[in-house]
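A look at the structure
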Amino acid sequence: MSHLSPSKTLLPPLIRPRHPWQTGPMSTPISIKDSVGEALRTARALGRFVLIVAGAGALAAMVGAVLGPLALLAIFVVLVTCHTALISAAFNGAAAVRARLLGDAGRVGAAMAMVGLVIGFIIIAGVYGAMMVLIAPFADEARAAGENQEQLTAIFNRAVESQPHVASIALAIGAALIFYITTRFYLAAPASVVEGRVRAFDSWRLTRGHTLKIMGARLMLLLPALVLVWALQSLLAVAFGFNTSDAAALLAQVQANPGLFLLFFAIGLFAQIALYGALEAALSAALYRRIKPG
């Protein structure tokens, strides 16, 4: 009887279970259900670390919010750092995050800035295109108005009122396009963490052929999380007495009681990072692990 070589054995290979943060050479087919399940397990396994990151991020953002012109930049840095820490923990475990956080956050921040620039150009082009469609029936009036800003504003307002469907269609198309673009760049952050280099545009190549499944996983996991966070923040706004549905009224309330608003902002951001942010980081790590293992 001939002996079977290891490469010709009839027995299936032994598949050992792996921890949520381990990577390896095995390739796993993309499955929406399995990817979402892994993301949930990873977020649960890192529960204590998630709370620590959310608390630190909320406090740092509250401090950054008082920096005047630099507030938006400070909050961006805080959010990028929190997202990076959660992704790094999903791959390497919570204990390994601190030693590499600065470099990882810099790479992820650069990747996110590149993606944001692309999306910004798309938004500008979309807004310009929508305005051209809206103003087309009023082109003669707009040319006659010349540089008169008051007349141009009045014409534009009439164009919007007379064609409300144009704005709705433009918003729907814009939202769908942004969802598609962010899906194609969805692996930019985990790729930058794992590979130790800025990998924003590699994500476009990696997601080719997997776009619909990534979209499905995002909708299945993150849409309910987003709704939950919105509901919690809305209840929090009511509890603190802030009218978040009216920008002018909210601004007046913030100016009247900035300290209370900062507290409201910090608690709302804590909920966002702990619920939505942790799941998003875990999902992007799970998808990257399946698409490009080891």
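In this text the structure is predicted, and so the values were computed from the model without any measurement.

**Some remarks on the side chain of His 83**
- Relative to the assigned elements, His 83 resides in helix 3 (residues 71–92).
- Overall, the relative accessible area of 19% leaves His 83 in the buried class.

**Points about a nonpolar patch on the surface**
- Nonpolar side chains collect at one region of the surface, where Val 63, Val 66, Leu 67, Leu 70, Leu 73, Phe 76 and Val 77 lie side by side and expose about 640 Å² of accessible area between them.
- Counting residues per element, the nonpolar patch draws most heavily on helix 3, which supplies three residues.
- Inspection of the secondary structure assignment puts Leu 67 in the loop between helix 2 (47–64) and helix 3.

**Some details on the packing of helix 1 (residues 32–45) against helix 12 (residues 258–291)**
- Between helix 1 and helix 12, the least distance of the axes is 8 Å, while the angle of their chain directions is 125 degrees. Taken together, the axes of helix 1 and helix 12 lie oblique to each other. Seen from above, helix 1 lies across helix 12 with right-handed handedness. From helix 1, Asp 34, Ser 35, Val 36, Glu 38, Ala 39, Leu 40, Thr 42 and Ala 43 reach across to helix 12, where they touch Ala 278, Leu 279, Ala 282, Leu 283, Ala 286, Leu 287, Arg 289 and Arg 290.
- Counted by class, the contact of helix 1 with helix 12 contains ten nonpolar, two polar and four charged residues.

**As for the pattern of salt bridges**
- Tallied over the entire structure, the rule returns ten salt bridges.
- Taking the shortest distance from any N to any O, the salt bridge between Arg 289 and Glu 38 comes out at 2.2 Å. Of the two residues, Arg 289 sits in helix 12 while Glu 38 sits in helix 1, which places them 251 residues apart along the sequence.
- Of the charged contacts in the structure, one is a salt bridge between Glu 38 and Arg 290, with a shortest N-O distance of 2.0 Å. Here Glu 38 is found in helix 1, whereas its partner Arg 290 is found in helix 12, with 252 residues between them in sequence.

**With respect to the confidence of the model for the protein chain**
- In this model, the protein chain carries an average pLDDT of 87, and 89% of its residues clear a pLDDT of 70 or more.
- Note on residues 1–27: pLDDT under 50 across the span, and 30 contacts to partners over four residues away in sequence or across chains.

**Here's the deal with the packing of aromatic side chains**
- Enumeration according to the criterion identifies nine aromatic pairs in this entry.
- Measuring from ring centre to ring centre gives 5.9 Å for Phe 91 and Tyr 288, while their planes differ by 90 degrees; the resulting arrangement is edge-to-face. Taken together, the residues Phe 91 in helix 3 and Tyr 288 in helix 12 connect sequence positions 197 residues apart.
- Classification of Phe 91 by relative accessible area gives buried; the value is 5%.
- Consider the rings of Phe 261 and Phe 265, whose centres lie 6.5 Å apart with planes at 20 degrees: the pair is stacked. Taken together, the residues Phe 261 and Phe 265, both in helix 12 and four residues apart, mark about one turn of the helix.
- In this structure Phe 265 comes out as partly exposed when scored by relative accessible area, which is 22%.
- Connected via pairs of aromatic rings, a cluster forms that spans Phe 240, Phe 242, Phe 261, Phe 264 and Phe 265.
- The cationic tip of Arg 184 hangs over the ring face of Trp 204; the distance from NZ or CZ to the ring centre is 4.3 Å.

So, how was this worked out
- Residues numbered from 1 in each chain as written.
- Predicted model: local features only at pLDDT ≥ 70, side-chain atom pairs only at ≥ 80, totals over all residues.
- Heavy atoms only, no water.
- Helix = DSSP H or I, 4+ residues; strand = E, 2+ residues; numbered from the N terminus.
- Buried < 20%, exposed > 50% of the residue type's maximum accessible area, 1.4 Å probe, protein only.
- Patch = residues over 30% accessible without salt bridge, like charges linked within 9 Å, V, L, I, M, F, W, Y side chains within 5 Å.
- Areas by Shrake-Rupley, 256 points an atom, 1.4 Å probe, with all protein chains shown as cover.
- Salt bridge = Lys/Arg side-chain N within 4 Å of Asp/Glu carboxyl O.
- Axes fitted to C-alpha atoms, helices over the stretch in contact; angles between N-to-C directions.
- Parallel < 35°, antiparallel > 145°, perpendicular 65-115°, else oblique.
- Left-handed = near helix turned anticlockwise from the far one by under 90°.
- Contact = heavy atoms within 4.5 Å.
- Nonpolar A, V, L, I, M, F, W, Y, C, P; charged D, E, K, R; others polar.
- pLDDT = per-residue confidence, 0-100.
- Phe/Tyr/Trp six-rings, centres within 6.5 Å; stacked < 30°, edge-to-face > 60°.
- Lys NZ or Arg CZ within 6 Å of the ring centre and 35° of its normal.

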